[in-house]
Amino acid sequence: MNIGIEHRNPTLREYQILRGSTGWEELDDSTVEKGLENSLFSVCAIAGGQTVGIGRIVGDGAIYFYIQDVIVMPAFQKMGIGDRIMKELEEWLNKNTYRHSFIGLMAAEGVKDFYTRFGYLERGSSRPGMNKLRK
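Every chain's residues receive numbers from 1 upward, in the order its sequence appears when written. Totals for whole chains, interfaces and linings use every residue, but because this is a predicted model, local features are given only for residues with pLDDT of at least 70 and side-chain atom pairs only at 80 or more, for both listing and counting. The basis for the side-chain values is all heavy atoms of the structure; hydrogens and waters are excluded.

Here we come to unusual backbone geometry. Its identity as a non-glycine residue notwithstanding, Lys78 has a phi of 65°, on the positive side. Within the element layout of this structure, Lys78 appears in the loop between strand 4 (64-72) and helix 3 (81-96). Assessed through its relative accessible area of 85%, Lys78 is described here as exposed. Positive phi values are uncommon outside glycine, yet His100 reaches one of about 70°. By definition, any uninterrupted DSSP run of H or I lasting at least four residues is a helix, any uninterrupted run of E lasting at least two residues is a strand, and each is numbered from the N terminus. Exposure categories follow from relative accessible area, calculated using a 1.4 Å probe and restricted to protein chains: below 20% of the type maximum is buried, above 50% is exposed, and the middle band is partly exposed.

Here it is in structure tokens:
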């Protein structure tokens, strides 16, 4: 199958469809629009004219960078699309980060090994990660 990669934000509809395809919680359209506008870099994987995967980088553009929303529709998983998305994100990071820039991500359960292939490590117990989700 021919998979194309486009350097662009997903549309609101593409983003919502991809989130829904993986069971992630639904977000308000206005929230998604604002979030997508503030992306530093995004890629979309296209198959047969349909967006089947995405990945984004967010952050302050200098000190902190976070990989977000690496999503591949379940029907297109295990085809190397996630790898292609990550390679594009990593290439952008290699060109746009600085010495000692922090690059982080939050991985879903069961996909840790996917990210370790790209050099990402779990934080040690002496440096626990924390987060808060506003209700």
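On we go from here.
In this section: the sheet that holds strand 5 (residues 102-105). Pairing is mixed across the open sheet formed by five strands, whose spatial order is 1-2-3-4-5. Both outer strands of the open sheet, strand 1 (4-6) and strand 5, are each paired with one neighbouring strand and no more. Taken over all neighbouring pairs, the strand axes of this sheet differ in orientation by 20° on average, direction set aside. Alignment of strand 1 against strand 2 (residues 41-47), held across three bridges, turns out to be antiparallel. Residue pairing for strand 2: Ile5 is matched across the bridge by Ala45. Along the sheet face, helix 1 (residues 12-21) touches strand 2, strand 3 (50-59) and strand 4 and points at about 100° away from the line of strand 3. The pairing criterion for strands is at least two bridges between them, as found by DSSP. Each axis is a line fitted through C-alpha atoms, taken for helices only over the stretch in contact, and angles between the N-to-C directions span 0 to 180 degrees. By the convention used here, residues are in contact when the closest approach between their heavy atoms is within 4.5 Å.

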